[in-house]
Amino acid sequence: MKHTLLCVFISMLSMNTIMAQMPHDQIYMNKNIACGALMYGNSSWTNYWENSLKRDNPNIGKLSTESLSAMIAYGITKKINALVMVPYVKTQASQGNLMGQQGFQDVSLWLKAQVFNYKQLHGHATLGLSTPMSNYVTEFMPMSIGLGAKTFSARAILHYNLPSNLFISATSSYIVRSQVMVDRDSYLNGEKLVNSGSVVVPNAFDAMFRLGYIKKENQLEVFAEHFSCAGGDNIRRNSMPFLTNDMTMTAVGAYAKYQPKSLGISAKVSYVIDGQNAGQSTNVTVGVLYLFKVK
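Given the structure is predicted, the values throughout are model-derived calculations rather than measurements. (Residues numbered from 1 in each chain as written. Predicted model: local features only at pLDDT ≥ 70, side-chain atom pairs only at ≥ 80, totals over all residues. Heavy atoms only, no water.)

So, about the pattern of salt bridges. Tallying each qualifying case throughout the model produces six salt bridges. With a closest N to O distance of 3.0 Å, E50 and R55 form a salt bridge. The partner of R155 in a salt bridge is D206, with the nearest N and O atoms 3.5 Å apart. One end of the pair, R155, is in strand 9 (residues 151–161); the other, D206, is in strand 15 (residues 204–215), with 51 residues separating them in the sequence. With respect to class, R155 is no different from D206; both count as buried. Through salt bridges with shared partners, a single network forms among E50, R55 and R237. (Salt bridge = Lys/Arg side-chain N within 4 Å of Asp/Glu carboxyl O. Helix = DSSP H or I, 4+ residues; strand = E, 2+ residues; numbered from the N terminus. Buried < 20%, exposed > 50% of the residue type's maximum accessible area, 1.4 Å probe, protein only.)

Pasting the structure below:
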């Protein structure tokens, strides 16, 4: 569901300047250098886990989620960067009568900083905020385009450079979510009836391990990532998902980027291999990157 760059080349820049970046990596823009991206994503699943039961649903068939996201990263200093992302999301089902949703989802802002540098080991930290951009329907899951919660996240990143331009990286973050107002007077949270329209959305955490190669204009990596809520309930038998559900996903994937000068392209693919209260999705993202200098 989540889940996670459009840039004008003015002068000859260092390798780290040329590389576009994301909130979970070790790449930075130099001071007054910005990098933007326009990214298209497609996520789809037919089977999902209802609690721990893996099944399909003829009322949904294949659920597809498409997104078009604009993102920009800016170098406040060489070791402190700011990132902003705005996604437009559309959902649709191949079977049944559930109506797909579309609209602007949540605008996100991150600050990323390098906190230490010891030989080949580097440490980074990222703080993030997000808030819904539109009044989209949150309780019409799985057709909803988002959870509708305001979030705060804190992420730690450890990066180690290996010989021959290889690297390994490990990241972990914790996500705090606000309560969400829904258009009903009561709801079930597990076996408990809550007489309120204010829903407690469980907080969450994620972790990622990356093994990659980076040299000049080329970047290749494979990764494994895990996402889980810190609490929550399960989807009841033959019922729809809800904001209180404990969603858990483990995925593997690969990422590639080619950016010889100011213009670049990127691609990412991942597949959910295990989960709970979530779809077994295949996710593909492609992007166009562009660098420019801010006077």
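Having seen the structure, we can now continue with the description.
On to unusual backbone geometry. In this model, M141 is joined to P142 through a cis peptide bond whose omega is 10 degrees. By the element assignment, P142 lies in the loop between strand 8 (121–132) and strand 9. Notably, S164 is not glycine yet its phi reads approximately 65 degrees, a positive angle. Inspection of the secondary structure puts S164 in the loop between strand 9 and strand 10 (166–177). The class for S164 is exposed, based on a relative accessible area of 60%.

Aromatic ring pairs are defined here through the distance separating the ring centres and the angle between the ring planes. For the coordinates displayed, the defined rule picks out three aromatic pairs. On the basis of an interplanar angle of 50 degrees and a centroid distance of 5.4 Å, the ring pair of W45 and Y48 is categorised as tilted. Each of the two residues, W45 as well as Y48, counts as buried. The residue whose ring lies beneath K112 is Y28, and the NZ or CZ to ring-centre distance is 4.9 Å. (Phe/Tyr/Trp six-rings, centres within 6.5 Å; stacked < 30°, edge-to-face > 60°. Lys NZ or Arg CZ within 6 Å of the ring centre and 35° of its normal.)

Across the chain, the average pLDDT comes to 90, with 93% of residues at or above 70. The low-confidence segment residues 1–20, where pLDDT is below 50, has 77 contacts with residues more than four positions distant or belonging to other chains. (pLDDT = per-residue confidence, 0-100. Contact = heavy atoms within 4.5 Å.)

Further remarks concern the environment of G287. Relative to the elements of secondary structure, G287 occurs in strand 19 (residues 282–293). Classification of G287 by relative accessible area gives buried; the value is 7%. The spatial distance from the C-alpha of G287 to the C-alpha of I214 is 18 Å, given a sequence separation of 73 residues. With sequence-adjacent residues up to four places away left out, G287 is seen in contact with L38, M39, G264, I265 and S266.

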